[in-house]
Amino acid sequence: MEHLLQRWQQLSSRERRLMVGAVVAAACALVYLLLIEPAWNGREAVQARLPALRSQVAEADLMVAEARRLSSAAAASPRPSLQAVRVRLEQSLDSAGLRPGLQQIQATESLIDLRLRGVPFATWVGWLDSALRETRLRVADLSVTRDADPGLVSVRMVLELPGGDRR
């Protein structure tokens, strides 16, 4: 450190001003490269993405409004009777080709106990997806057992009517 101070003392005043100017210029360049330029580039990137993000927000707002409208319409619609839902399930089982495997369908309170034996797994999964959407039932309990034949399963499930919360 003393060596640097001695060298500084030996410089003329003009050389000292030039050195201070060079250090200030280097410090300014360093501040620009480390702080200002990354922030500037990030701001420009955000500005470029902003229109797309605004359109996504508008689309999400439309979806939220649609969901609220559908939710209020569903809440306002009367709860279907247990027997009507049971008939719809039997019809959907017929149309899916699962009727031969139907062992039991029993309706009590807000629950429907359904048992199928020896049905193709892929067909059952497709039927279950469409039946839950159409009837708005909820799976309360489910047990799937693989049969000896490949691709066939036995199913025991309990389906709950919408709004039939058991607590």
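In the block above lies the structure referred to throughout.
Presented here is an overview of the structure given in this document. On a predicted model such as this, the values are computed, not experimentally measured, just so you know.

Moving on to the packing of aromatic side chains. Counted according to the given criterion, the structure contains one aromatic pair. A ring pair is formed by Phe-121 and Trp-124, whose centres lie 6.0 Å apart and whose planes are at 45 degrees; its orientation type is tilted. Note that Phe-121 and Trp-124 are positioned in helix H4 (residues 121–135) at a spacing of three residues, about one turn of the helix. Looking at Phe-121, the relative accessible area reads 41%, which means it is partly exposed. On the basis of relative accessible area, Trp-124 is assigned to the buried category, the value being 3%.

Next up on the list: the nonpolar core. In this structure, Leu-89, Ile-112, Leu-116, Trp-124, Trp-127 and Met-157 are the most contacted members of the largest nonpolar core, which totals 22 residues. Elements with a minimum of two residues in this core: helix H3 (82–96), strand E1 (102–108), strand E2 (111–120), H4 and strand E4 (152–160).

Our focus in this paragraph is the sheet that holds strand E3 (residues 138–146). Two modes of strand pairing occur in sheets, parallel and antiparallel, and in both the strands are linked by backbone hydrogen bonds. The strand order E1-E2-E4-E3 describes an open sheet built from four strands, whose pairing is antiparallel. At either end of the open sheet lies a strand with only one pairing partner, and these are E1 and E3. Strand-to-strand twist in this sheet, taken as the mean axis angle between neighbours without regard to direction, amounts to 10 degrees. Two elements, E2 and E4, share eight bridges in a ladder whose sense is antiparallel. For Leu-116, the partnering residue across the bridge sits in E4 and is Val-155. Lying over the sheet, H3 contacts E1, E2 and E4, oriented at roughly 165 degrees with respect to E1.

The rules we used
- Residues numbered from 1 in each chain as written.
- Predicted model: local features only at pLDDT ≥ 70, side-chain atom pairs only at ≥ 80, totals over all residues.
- Heavy atoms only, no water.
- Phe/Tyr/Trp six-rings, centres within 6.5 Å; stacked < 30°, edge-to-face > 60°.
- Helix = DSSP H or I, 4+ residues; strand = E, 2+ residues; numbered from the N terminus.
- Buried < 20%, exposed > 50% of the residue type's maximum accessible area, 1.4 Å probe, protein only.
- Core = buried A, V, L, I, M, F, W, Y, C linked by side-chain atoms within 4.5 Å.
- Pairing = 2+ DSSP bridges.
- Axes fitted to C-alpha atoms, helices over the stretch in contact; angles between N-to-C directions.
- Contact = heavy atoms within 4.5 Å.

Everything listed here is a matter of coordinates, which is why it stays silent on function.
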